[in-house]
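# Structural overview
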Amino acid sequence: MKIGFIGLGNMGAPMAANLLAAGHKVTGFDLVAPMPEGVKRAASAPEAAAGADVVITMLPNGDILRKVAAEVIPAMAAGAVLCDCSTVDVDSARAVADQAEAAGLGALDAPVSGGIGGAAAGTLTFMVGGSDAAFAKVKPLFDIMGQKAVHCGASGAGQAAKICNNMILGVTMIATCEAFALADKLGLDRGRMFDVVSTSSGSSWSMNTYCPAPGIGPKSPADNGYKPGFAADLMLKDLRLSQQAAEAADADTPMGALATALYRSFVEDENGKGRDFSAMLPRFEARHRS
Ligand code: NAD
């Protein structure tokens, strides 16, 4: 396929490189980032999109996505698909899809989980919203860049799945960290705590796979000085999107709201920026009840 790729940062560059390595023709555009070897650099986003079968965007936020989409949609060939893999608000995802479909294009919102490591290894999970036809057309590309693509429903459903998942992740990581800090103060050995909880009803991905305590459980960013991994600032971005969506949909999400407030303090006031999101554990360790 001919692929236009817009936004080749930490995630986009390795995703584009994997598409190229699988034999697709990739033309890229980024305001600043260099192109991976073999990806042809276009002079503008519309130039990268012109004549492409699929245009993939991997951009920082919904405002930038809306701006880029307004530029590229008129340049795209009839029947092509605009596939946004960024994490953005549900409203922006739906607005861009409406605009693309009104212009006779297919549209997908397809945010990912798996991080930079998953992007490089081609093992991302895609959560996809949009039509069956658009999903079928892009599925072979998802299979190259990832290990799994779930068609979640109509436009916006991919972003909805992503923010609900990450709201659970933020809440369970905080709960796991505060429980470790409590266990410390109760004199409970962290290894014993892991052995019990990871095989009991308190288990979760945060405990079992991404344990926030150094030296405990499988290797995780805690074993590497809390270097991300999944940065606390990205978790804060996703939690904010969850609260924006909850407000728009009139959904009561008290735990999500509290997790958002805690990650906001951590990132903005407590030197959490640039640290892994599991560094909530040393934060709780250093604190007292009031
Ligand atoms: P990044 O900042 O490394 O990359 C974004 C790229 O977009 C940059 O290279 C930037 O120059 C480019 N860009 C910005 N405005 C542009 C424009 N108008 N035209 C062309 N290019 C433009 O960010 P990233 O880590 O690659 O993340 C991209 C998206 O993926 C975000 O929405 C993020 O939330 C999501 N995401 C990231 C991770 C992760 O671990 N990094 C994991 C899952 C999802």
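Residues numbered from 1 in each chain as written. Predicted model: local features only at pLDDT ≥ 70, side-chain atom pairs only at ≥ 80, totals over all residues. Heavy atoms only, no water.

The secondary structure content of the protein chain amounts to 12 helices and nine strands. Taking 290 residues into account, the globule formula puts the C-alpha radius of gyration at 19 Å, and the protein chain, at 20 Å, falls close to it. Dimensions of the protein chain, computed from the C-alpha atoms along their principal axes, are close to 65 × 40 × 35 Å. Taken across its 290 residues, the protein chain has 51% of its residues classed as buried. Contacts spanning at least 24 positions in sequence make up 63% of the contacts within the protein chain whose residues lie at least 6 apart. As displayed, the protein chain offers around 13,100 Å² of accessible surface, 56% of which is attributable to carbon and sulfur atoms. Counting 24 positive and 29 negative side-chain charges, the protein chain places the averaged centre of each group 4 Å from the other. (Helix = DSSP H or I, 4+ residues; strand = E, 2+ residues; numbered from the N terminus. Rg over C-alpha atoms; globule rule 2.2 N^0.38 Å. Buried < 20%, exposed > 50% of the residue type's maximum accessible area, 1.4 Å probe, protein only. Contact = heavy atoms within 4.5 Å. Areas by Shrake-Rupley, 256 points an atom, 1.4 Å probe, with all protein chains shown as cover. Lys, Arg positive; Asp, Glu negative; His and termini not counted. Charge placed at Lys NZ, Arg CZ, Asp CG, Glu CD.)

All right, on to the site of the ligand then. Taken together, 23 residues sit near the ligand, with Asn 10, Met 11, Asp 30, Leu 59 and Lys 237 positioned nearest. Interatomic distance of 2.9 Å between a backbone N/O atom of Asn 10 and an oxygen atom of the ligand. Its free accessible area being 830 Å², the ligand has 86% of it covered by the protein chains. A molecule is said to occupy a pocket when more than half its atoms come within 2 Å of that pocket's grid points, and by this definition the ligand occupies the largest pocket. Breaking the shell around the ligand down by element, the ones donating at least two residues are helix H3 (62-72), helix H5 (115-121) and helix H10 (232-249). Residues of the shell around the ligand, tallied by class, amount to 14 nonpolar, six polar and three charged. (Near = heavy atom within 4 Å. Polar contact = N/O pair within 3.5 Å; in protein donor to acceptor, adjacent residues only side chain to side chain. 1 Å grid on protein atoms, 1.4 Å probe; cavity = no way out; pocket = protein on both sides within 12 Å on 5 of 7 lines; lining within 4 Å. Sits in = over half its atoms within 2 Å of the grid points. Nonpolar A, V, L, I, M, F, W, Y, C, P; charged D, E, K, R; others polar.)

In this structure the tally under the stated criterion is six aromatic pairs. A centroid spacing of 5.3 Å and a plane angle of 65° characterise the contact between Phe 230 and Phe 277, whose relative ring orientation is edge-to-face. Highlighted residues: Phe 230 in the loop between helix H9 (205-208) and H10 and Phe 277 in the loop between helix H11 (254-269) and helix H12 (280-285), separated in sequence by 47 residues. The exposure class of Phe 230 is buried, given its relative accessible area of 18%. (Phe/Tyr/Trp six-rings, centres within 6.5 Å; stacked < 30°, edge-to-face > 60°.)

Negative phi is the rule for most residues except glycine; trans is the rule for most peptide bonds. Going from Pro 228 to Gly 229, the amide bond is cis rather than trans, its omega being 20°. Looking at where Gly 229 falls in the secondary structure, it is placed in the loop between H9 and H10. Phi is positive for Tyr 226, which is not a glycine, with a value near 65°. Relative to the helices and strands, Tyr 226 is located in the loop between H9 and H10. Given a relative accessible area of 8%, Tyr 226 falls into the buried group. One non-glycine residue with positive phi stands out, namely Asn 271, at about 60°. With respect to the helices and strands, the residue Asn 271 is situated in the loop between H11 and H12.

Of all hydrophobic cores here, the largest spans 34 residues; its most connected members are Tyr 263, Phe 277 and Met 280. Of the residues forming this core, the biggest block, nine residues, is contributed by helix H7 (residues 157-185). If we ignore the near neighbours within four places in the chain, the residues touching Tyr 263 are Gly 170, Met 173, Ile 174, Ala 232, Met 235, Leu 236, Leu 239, Phe 277 and Met 280. Core analysis: the second largest hydrophobic core is formed by 31 residues, Ala 13, Met 58, Cys 85 and Phe 135 among them. (Core = buried A, V, L, I, M, F, W, Y, C linked by side-chain atoms within 4.5 Å.)

Take the layout of surface pockets next. Quantified by volume, the largest pocket comes out at close to 1,400 Å³. For the largest pocket, the lining is made up of 47 residues, of which Met 11, Met 58, Thr 87, Val 112 and Leu 234 are closest to its centre. Contributions of two or more residues to the lining of the largest pocket are made by H3, strand S7 (112-113), H5, H7, H9 and H10. At six residues, the largest contribution of residues to the lining of the largest pocket is made by H7. Residue composition of the lining of the largest pocket, by class: 23 nonpolar, 18 polar and six charged. (Points joined across faces, edges and corners; volume = space filled by probe spheres on them.)

Turning our eyes to something else, we now look at empty space enclosed by the protein. Remark: the empty space left among the atoms is shown by a probe the size of a water molecule rolled over them. If you walk through the whole model with that rule in mind, you get one cavity of 30 Å³ or more. Considering the residues around the largest cavity, the lining is formed by Leu 65, Leu 82, Asp 84, Ala 93, Val 96, Ala 97, Ala 100, Ala 107, Leu 108 and Asp 109. It is helix H4 (residues 90-102) that contributes the most residues to the lining of the largest cavity, four residues altogether. Looking at the lining of the largest cavity residue by residue, the class counts come to eight nonpolar, no polar and two charged.

Let us look at the pattern of salt bridges. Across all of its chains, the model carries 10 salt bridges by this definition. As a salt-bridge pair, Asp 233 and Lys 273 come within 3.9 Å of each other at their nearest N and O atoms. Residue Asp 233 is located in helix H10, and its partner Lys 273 is located in the loop between H11 and H12; the two are separated by 40 residues in the primary sequence. Judged by its relative accessible area of 26%, Asp 233 falls in the partly exposed class. The closest approach of N and O atoms between Glu 268 and Arg 264, which form a salt bridge, is 2.9 Å. Taken together, the positions of Glu 268 and Arg 264, both in helix H11 and four residues apart, correspond to about one turn of that helix. Residue classification places Glu 268 among the partly exposed positions, given a relative accessible area of 45%. Under the relative-accessibility criterion, Arg 264 is labelled partly exposed at 31%. The network of salt bridges with common partners includes Arg 240, Arg 264, Glu 268 and Asp 269. (Salt bridge = Lys/Arg side-chain N within 4 Å of Asp/Glu carboxyl O.)

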